[in-house]
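# Understanding the architecture of this molecule
Single-letter residue listing:
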Amino acid sequence: MLKKINNFINSSILVSVLFILLGLGMILFPNISLTVVAYSIAIMFIVLGIYFCVIDYRFFLDTLVVGILTLVLGILLLVNPSWLSNLIPMVMGAWFIVDSILKIRISLTCKEYDDVPWVMLLILSIISLICGILFILHPLITSNIVMTLLGVIIVVYAISDIADMIVAKKYINEIAKGIKKTISTIEL
């Protein structure tokens, strides 16, 4: 049991180190990272499309249509991976705009109540609306920012995971005893 837990902790630390490298790559090279993500998604769609068209023929008509659409989308993304760098900001921008308009309406409705900071809600909603418009107007800059922020999040997560595993390694004997106790309780 102790060896299994130790192996899990060591492999988790190794995976976290790989995530740190991935995150740093996304921070330092957001354009390349986005292209790699686009190619990965394209290949996944192509494989999935082939699977639905050829292998999973039990529900022929449904899976054939889904398979063809997925295959075509994968091929289009493989041929032009920059579509993803335009699509992500467009979707996020549209989401920000729709959400901001709703929040502007809510903040104006809250104007009647004295205890609600409706002005702050209105200002933040207008800022979100402007961000959504900027996402749509400048998709390449936005996609680089998104990839960089995603890289930062991955690095922070990986560092946090490494810290957790170091603490777990320090208390590995207690963890093993707790797991054995839980297993013996479940078996009863």
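Before reading on, note that the structure itself is shown above.
The present account deals with the structure reproduced in this document.

Assigned secondary structure in the protein consists of seven helices and zero strands. Listing the helices and strands of the protein from first to last along the sequence gives α-α-α-α-α-α-α. Rg of the C-alpha trace for the protein: 24 Å, well past the compact-globule value of 16 Å for 188 residues, more than 25% over. Along the three orthogonal principal directions, the C-alpha set of the protein runs to about 60 × 55 × 40 Å. Restricting to contacts in the protein with at least 6 residues of sequence separation, those with at least 24 account for 76%. Just so you have it, the protein exposes about 13,000 Å², and 77% of that area is on carbon and sulfur atoms. Taking the 11 positively charged and 10 negatively charged side chains of the protein as two groups, their mean positions are separated by 14 Å.

Generally speaking, soluble globular proteins have nonpolar side chains that are buried together. With eight residues, the main nonpolar core is built from M26, L34, A38, A42, L77, L84, M147 and I154. Of all elements in the fold, only α2 (30-55) and α6 (139-170) reach the threshold of two or more residues within this core. Counting residues per element, this core draws most heavily on α2, at three residues. Every residue in contact with L34, bar those within four places of it in the chain, is listed here: L84, S85, I88, S143 and M147. The next biggest cluster of nonpolar side chains, apart from the first, holds six residues, and it includes I5, I9, M165 and A176.

On to the environment of D161. Within the secondary structure, D161 sits in helix α6. Put simply, D161 and M120 are 41 residues apart on the chain and 36 Å apart in space, counted from C-alpha to C-alpha. Look past the residues within four positions of D161 in its chain and what remains in contact with it is S12 and S16. Within the local environment of D161, its side chain forms a polar contact with the side chain of S12, the two groups lying 3.1 Å apart. Of the polar contacts made by the side chain of D161, one reaches the side chain of S16; its length is 2.5 Å.

It is worth spelling out the packing of aromatic side chains at this point. According to the stated counting rule, one finds four aromatic pairs in the structure shown. Where F19 meets Y157, the ring centres are 6.4 Å apart and the plane angle is 85°; that geometry is what we call edge-to-face. Remark: Y157 occurs in helix α6 and F19 occurs in helix α1 (residues 2-28); sequence separation between them is 138 residues. Given the relative accessible area of 33%, F19 is considered partly exposed. On the basis of an interplanar angle of 55° and a centroid distance of 5.7 Å, the ring pair of Y51 and F52 is categorised as tilted. Taking relative accessible area as the criterion, Y51 reaches 34% and is therefore assigned partly exposed. Members of the aromatic cluster, joined through ring pairs, are W95, F96 and F135.

As for its position among the elements, N31 is in helix α2. In this structure N31 comes out as partly exposed when scored by relative accessible area, which is 49%. Along the primary structure N31 and L84 are separated by 53 residues, whereas in three dimensions their C-alpha atoms are 11 Å apart.

The rules behind the values
Residues numbered from 1 in each chain as written. Predicted model: local features only at pLDDT ≥ 70, side-chain atom pairs only at ≥ 80, totals over all residues. Heavy atoms only, no water. Helix = DSSP H or I, 4+ residues; strand = E, 2+ residues; numbered from the N terminus. Rg over C-alpha atoms; globule rule 2.2 N^0.38 Å. Contact = heavy atoms within 4.5 Å. Areas by Shrake-Rupley, 256 points an atom, 1.4 Å probe, with all protein chains shown as cover. Lys, Arg positive; Asp, Glu negative; His and termini not counted. Charge placed at Lys NZ, Arg CZ, Asp CG, Glu CD. Core = buried A, V, L, I, M, F, W, Y, C linked by side-chain atoms within 4.5 Å. Buried < 20%, exposed > 50% of the residue type's maximum accessible area, 1.4 Å probe, protein only. Polar contact = N/O pair within 3.5 Å; in protein donor to acceptor, adjacent residues only side chain to side chain. Phe/Tyr/Trp six-rings, centres within 6.5 Å; stacked < 30°, edge-to-face > 60°.

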